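Chain by chain, the residues run as shown.
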Amino acid sequence: MTKMECCGPGYSSPAEAIKAPAEKLVYSIAIYTGTGIQKPDYLATVDVDPQSPSYSKVIHRLEMPGIGDELHHMGWNACSSCHNDSSMSRRYLLLPGVRSNNIHVIDTDSDPRAPRIHKIIDGAEIKMKTNLSGPHTVHCLGNEIIISFLGDAKGEAPGGYLHLSKDFEIIGRWENSMGNIKFGYDFWYQPRHNVMVSSEWASPNTFMPGFDLEEVGHLKYGREIHFWDFKKRVPIETFYLGEDGLLPLEVKFHHNPDSTHGFCGAALSSNVIHWWRNASGAWEWEKIIDVENEPHPEWPIPVPGVMSAILISMDDKYLYLNNWLHGDMRQYDISDPHNPKLTGQVWMGGLLGKAPIVNGVKIAGGPQMFQLSLDGRRLYVTTSLFSTWDNQFYPEIRKSGGVMILIDCDPENGGMSINSDFLVDFGKEPNGPSRCHETRYPGGDCTSDIWI
Amino acid sequence: MPDIKIANRNNVIYKVDKNRPLLDSLIEQGLDLPYGCKYGGCITCAAKLISGKVDQHRQVALNNRQINNGYIVLCVARPKGDCTLEIGVESHDTLYRNPFLDPLEPHELKKDIAKNEKTKNGIL
C-alpha cells in the first residue's frame, strides 16, 4: 500500500525499500591523495546495468577542484527520514575531504550519469565557525544534515558534529555536549527510541599520518561506544569494550525503526559487538563474532583481520563484514542477533594469499568498503582503506590501484559468490591508478536510510 | 633568502622566504607538490631533507623514526638556511612501514608519547 501523502525521498518502510528497482548506476569516490599522482580526487559513476554496453565500467569522473582532499565516506542530503516531506528529494551527495576539511555538495539529479558540483563548503570556514576538522560520516536528519568530525580545528580529538541546513549552510555544532567522549568516528540513530550510538577511531593527527601499533597501547585509539539522548543531543552512557573493542568503527542499527538492536565492528580486535535494550529498559552489549588472528609465514605475530566495516541487509537478516588484512568478506545470518551463523564467505586479495587474483586481476589491498543493494542481492566491494594506511600494508596499491568487485548474495538461503562478469579496475584509470572507496546508489542503499 | 635545491628534480634551485612554509613558497614558484591538511597533521606533503636545517616545531604527524630518517612536512617547515630536498612519493621509501613487522622503539614514537615513555623509564 502506498500512502497518499508520500512523495518525498526514499521509502515508507524497509519492506518497501526492498521492492525498489535495481540500481543501474553507482557512485564511488576515487582518490589520488597520497598516491603520487598530482590530480584531484573524484567521484566515479559506475555503470552497473548488466544490459548496458558500458556495464562494469567507469562512465564519468567528476574531479574535485583541488588536490589533497582525501575523499572517504559520503552521504545523501535526504533519505527515507523525510519520506513524507514532498519538498525534499534525494538529490545531493555530500563528499567530505578528510584532510582538506572541505565538504563538496554534488548534484546527482540534473544528470545522474554525470553529476556536477553544486556547492563547496570551505574547510577553513568550517574550522573557523565550528572548530571542527576531519569529517567522516554524513547522515541526514529529517531535512537537515549532521556530519561527524574526528578532531577540533587543530586535529585533536574528540571533535564533534557539524550541523548543516537543507541548503548546506553551516548552522553550527549539532551536539550540546561531547560529555567525556574521547574520540569520534561513526554514528547511527534510531529516533523511535530517542537514541544515537557513536564510535571511536582516533584524532586526525593520530590516524591521518598512518598507523603506529604502539599508539593503541598509549590510548591514542578508541575502545568505547557511546549512547546519546538524541533529542537532547548529549551522550548519556558509555560502554568500555576493552580488548574486545579496539578501534570500534562502524555502527549500524537494525533498519526496522522499532528495533533497539545494533552492531559495531571493532577493527583491530576484529570482533562484532551487539547491543540492545533489555526488558527493564537498560542497554546491554555482548561480543557475538570474534575473527581469530591468522598465522603468516613472514609475520612475528598472527595477522588481525582488521574489520573496518560492517553492514546490515535491509531485511535485518544478514550482517556483512570484511577482514581487510585477511582478505575475506563474510555473511552472517543474524535472525537471532545473539547467535549469528556464518552463511557465506569469499576471498579477494589480502595478506594470507587465499585469492591474489580475482576475475583475472591481481588485487592489491583487501575487501574494505562495501555497499549492498536494497534487495540484498548485489554487494559492491572496494579495496582501499585510507591512503596512508594502504601505503603501509599494501604498498603495491600505488602501482595497481583499487578495484570494485561485485558479490552476488542469496538473501533467501544465504551464501555469497564473486560475480565473474563484473570488475572495475581503478588501476586502469586515464590519469593513472586511483583507489576507490565508499559506494552509494542513487535510489538509496543499505547504509543511507533511517526511518523516523 | 635561502636556496632550496630539489635533488630529484634535476637539482633545480628555488629562492624562498625564511619565514614562510616551504610548501607555500615552492608551489608559488611552480613546483608541483602533494599536500593534504596544510597544518602539519598529516604526512601527504612529506619530503626528505638531504642537507640543511628547518624549523618544523608545528608538525604533529611525524614519529621520531620518520624525523630521524630525515622527513619534514613542507606545509609547516620553514628553512633555517640553504637546504637540499627530495620531494614527492619517490622520497617516501622509509616514510611508511608495516607497523606489525617493524615496531617502533619507545624513543621512536611521536614526540608527545616518546617523552612520556622517557619520563616513565626515568621514574622506574
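Sequence order as written defines the numbering, with residues in each chain counted from 1. Written order decides the labels, with chains lettered from A and ligands numbered from 1. Confidence filtering applies because this is a predicted model: local features only for residues at pLDDT of at least 70, side-chain atom pairs given and counted only at 80 or more, and all residues used for totals across whole chains, interfaces and linings.

Some remarks on the overall build of chain A
Defined as follows: Strands here mean DSSP runs of E at least two residues long; helices mean DSSP runs of H or I at least four residues long; both are numbered from the N terminus. Here the globule rule is a power law, 2.2 Å times the number of residues to the power 0.38, and the radius of gyration is based on C-alpha atoms. Comment: burial labels come from other C-beta atoms within 10 Å of the residue's own C-beta, placed from the backbone, where a count of 20 or more is buried, 12 or fewer is exposed, and between is partly exposed. A pair of residues counts as a contact when their C-beta atoms, built from backbone coordinates, are separated by no more than 7 Å.
Helix and strand counts for chain A stand at six helices and 30 strands. Expected size for 452 residues packed as a compact globule is a radius of gyration near 22 Å; at 20 Å, chain A falls within 12% of this value. In terms of overall dimensions, chain A has C-alpha extents of about 50 × 50 × 50 Å along its principal axes. When the 452 residues of chain A are sorted by exposure, 57% land in the buried category. Counted over contacts in chain A with a minimum sequence separation of 6, partners at least 24 positions apart contribute 58%.

Considering the overall build of chain B
When you go through chain B residue by residue, the secondary structure sums to three helices and seven strands. Put simply, chain B runs from its N terminus to its C terminus through helices and strands in the order β-β-α-β-β-α-β-β-β-α. The C-alpha atoms of chain B give a radius of gyration of 15 Å, which matches the 14 Å a tight globule of 124 residues would have. Seen along its three principal axes, the alpha-carbon backbone of chain B occupies a region of about 50 × 30 × 25 Å. Across the 124 residues that make up chain B, the buried fraction comes to 44%.

Some thoughts on unusual backbone geometry
Residues and elements named next belong to chain A. Omega for the bond connecting A157 with P158 falls within 30 degrees of zero, at 5°, which places this linkage in the cis form. Looking at the secondary structure, you find P158 in the loop between β9 (144-151) and β10 (160-164). Phi is positive for S56, which is not a glycine, with a value near 70°. Looking at where S56 falls in the secondary structure, it is placed in the loop between β2 (42-47) and β3 (58-63). A residue is classified by how many C-beta atoms lie within 10 Å of it, and S56, with 19 of them, is partly exposed.

A look at the sheet that holds strand β21 (residues 318-323) of chain A
All names here are of chain A. What counts here: A pair of strands is labelled paired if DSSP reports no fewer than 2 bridges between them. Axis lines are fitted through C-alpha atoms, for helices just across the contact stretch, and the angle between N-to-C directions can take any value from 0 to 180 degrees.
Here four strands make up an open sheet; going across it, the order is β20-β21-β22-β23 and the pairing antiparallel. Strand pairing shows two members of the sheet lacking a second neighbour, β20 (310-312) and β23 (341-347), which therefore form its edges. Adjacent strand axes in the sheet meet at a mean angle of 20°, parallel and antiparallel pairs treated alike. Across six bridges, the pairing between β21 and strand β22 (residues 328-333) is antiparallel. When the sheet's bridge partners are listed, N323 is paired in β22 with D328.

A look at the interface of chain B and chain A
One frequently used descriptor of interface size is the decrease in accessible area upon assembly of the parts. Under the convention used in this document: Throughout this entry, Asp, Glu, Lys and Arg are counted as charged residues, while Ala, Val, Leu, Ile, Met, Phe, Trp, Tyr, Cys and Pro are counted as nonpolar. The remaining residues, Gly among them, count as polar.
Listed by partner, the interface residues are 26 residues for chain B and 27 residues for chain A. Classifying every residue of the side of chain B that touches chain A by side-chain character gives 18 nonpolar, six polar and two charged.

Notes on the confidence of the model for chain B
For the record, the criterion: The predictor reports its confidence for every residue as pLDDT, a score running from 0 up to 100.
Residues with a pLDDT of 70 or more make up 93% of chain B, whose mean pLDDT is 93. Confidence metrics for the complex model read pTM 0.96 and ipTM 0.93.

Let's talk about the environment of A:P115
Residues and elements named next belong to chain A. In this fold, P115 is placed in the loop between β6 (103-107) and β7 (116-121). By C-beta crowding, P115 is classed as buried, having 23 other C-beta atoms within 10 Å. Separated by 283 residues in sequence, P115 and R398 place their C-alpha atoms 27 Å apart.

A look at the nonpolar core
Note the following rule: Only buried Ala, Val, Leu, Ile, Met, Phe, Trp, Tyr and Cys residues enter a nonpolar core, and they are joined through C-beta atoms within 7 Å.
One finds A:W201, A:L319, A:Y320, A:F370, B:V73 and B:L74 to be the most contacted residues of the largest nonpolar core, which totals 158 residues. No other element matches strand β28 (residues 403-409) of chain A, which puts six residues into this core. Among all residues touching B:V73, those that are not within four sequence positions of it are B:G40, B:I43, B:C45, B:A46, B:Q56, B:Q59, B:A61 and B:L62.

Examining the sheet that holds strand β4 (residues 75-76) of chain A
Backbone-to-backbone hydrogen bonds pair the strands of a sheet. The strands run either parallel or antiparallel. What the four strands build is an open sheet, ordered β4-β5-β6-β7 (chain A); its pairing is antiparallel. With one partner strand each, in any of the chains shown, β4 and β7 of chain A form the two edges of the open sheet.

Comments concerning the environment of B:P106
Residues and elements named next belong to chain B. Tracing the backbone shows P106 in the loop between β7 (83-86) and α3 (111-123). Note on P106: 14 C-beta atoms within 10 Å, which makes it partly exposed. The spacing of P106 and E86 is 20 residues in sequence and 28 Å in space, taken between C-alpha atoms.

Things to note about helix α2 (residues 123-130) of chain A
Residues and elements named next belong to chain A. Quick reminder of the rule: The reported arc concerns the directions from the helix axis to the C-beta atoms and nothing else.
Looking only at α2, the buried set comprises G123, I126 and T130. Viewed end-on, α2 has its buried residues packed into an arc of 60°, placing them on one side of the element. In this fold, the buried residues of α2 make contact with β7, β10 and β11 (170-173). Once α2 finishes, N131 follows within two positions and takes phi at roughly 60°, a positive value.

Considering the pairing of β28(A)
Along any regular strand the residues' side chains alternate between the sheet's two faces. Residue and element names in this part refer to chain A. Most of β28 is tucked away: six of the seven residues are buried. For strand β27 (residues 378-382) and β28, the ladder comprises five bridges, and the chain directions are antiparallel. Looking across to β28, one finds that Y380 is bridged to L406. In textbook terms, the turn of a hairpin is the stretch between consecutive antiparallel strands, and for β28 and strand β29 (residues 416-425) this stretch comprises six residues, one of which, G414, has a positive phi near 80°.

Focus on the environment of A:N271
All names here are of chain A. With respect to the secondary-structure elements, N271 resides in strand β18 (residues 271-277). On the neighbour-count criterion, N271 (24 C-beta atoms within 10 Å) is buried. Once the C-alpha coordinates of N271 and F422 are considered, the two residues, 151 residues apart in sequence, prove to be 30 Å apart. With near-sequence residues (within four places) excluded, N271 lies in contact with D244, G245, A266, K287, I289 and D290.

Focus on the pairing of strand β3 (residues 46-51) of chain B
All names here are of chain B. Note that β3 and strand β5 (residues 71-73) share three bridges and pair antiparallel. Residue pairing across strands places A46 opposite V73, the latter belonging to β5. Where β3 meets β7, three bridges bridge the pair, whose relative direction is antiparallel. The residue of β7 that forms the bridge with K48 is E86.

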